[in-house]
Amino acid sequence: MTEARWIPVCAWRRRAEGYANRLFAVLTALGVTWFLCVALSWLTTDAGHAALWCKLAYVPAIFTPSLMLHLALVLTQNDWLHRYPNRWYWFYLPVPFLGVALAANLLVSGARRFSYGYSFEYGPLHPLYALVYFGFEASAFVVCIARFRDTRPGELLHHQLKYALWSLALPGVIGIVTFGVLPLFFGIRVFPFASSSTTVT
């Protein structure tokens, strides 16, 4: 965790090399903030504090899907951005709606006690967030893999996209299993493993 917090700082200091570095710095900072809030919800013994940390974790989380797709399009120098350079804000249209849902306790309604500590108590609109998240992540993956096929192994962009694809695929699979399949179909909650995807990537 100590090392992770320096990643966005290093990326931001290299901002002169491109817009993609700045987006990556922001995205990484949001991921670090998410994991910090989740860790604090596990560590606290107070139900009220745990509920606060669980809700605060979703403040950066509502920006993450949009930033992933935005970064993928910038990194791949996608034609859509060249045709519509001033419409990047379209990626962030879900953010205000998710923000209102979060404030109204419709995404996260509080915290539940588990064997490992407190974790999220989902609200009725949390499936909507999951749909937005995995939809945007899948779109970012498709954009990156399409551009990856046009690059050569020795190119810098080839290596950048290779790591981008891994960073999208690994937490995507972990998230689908631990946030979707296990809790929805089997009633199993394994949050420490779910949130580890942020640390691993």
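Residues numbered from 1 in each chain as written. Predicted model: local features only at pLDDT ≥ 70, side-chain atom pairs only at ≥ 80, totals over all residues. Heavy atoms only, no water.

Participant: Would you mind going over the confidence of the model for the protein chain with me for this structure?
Facilitator: Here the protein chain averages 79 in pLDDT, and 79% of its residues register 70 or above. Mean pLDDT values over the elements of the protein chain span from 40, in helix H1 (residues 6-13), up to 94, in helix H6 (residues 94-103). Note that residues 1-16 has pLDDT below 50 and, in this model, 19 contacts with residues that lie over four places away or in other chains. (pLDDT = per-residue confidence, 0-100. Helix = DSSP H or I, 4+ residues; strand = E, 2+ residues; numbered from the N terminus. Contact = heavy atoms within 4.5 Å.)

Participant: Would you mind going over the pairing of strand E2 (residues 117-122) with me for this structure?
Facilitator: Within a regular strand, side chains alternate between the sheet's two faces. With 6 bridges joining them, strand E1 (residues 108-114) and E2 adopt antiparallel strand pairing. Its bridge partner being in E2, Gly-110 is matched across the sheet by Glu-121. Hairpin connection of E1 to E2: 2 residues between the antiparallel strands. (Pairing = 2+ DSSP bridges.)

Participant: I would appreciate a short explanation of helix H3 (residues 47-61) in the present structure.
Facilitator: Here H3 contains 15 residues, and its C-alpha end-to-end distance of 21 Å stays within 8% of the 21 Å for a straight helix at 1.5 Å per residue. For H3, the set of buried residues is Ala-50, Ala-51, Cys-54, Ala-57, Tyr-58, Pro-60 and Ala-61. Lining the buried residues of H3 we find helix H2 (19-43), helix H4 (64-75), H6, E1, E2 and helix H7 (126-148). (Expected span 1.5 Å × (residues − 1). Buried < 20%, exposed > 50% of the residue type's maximum accessible area, 1.4 Å probe, protein only.)

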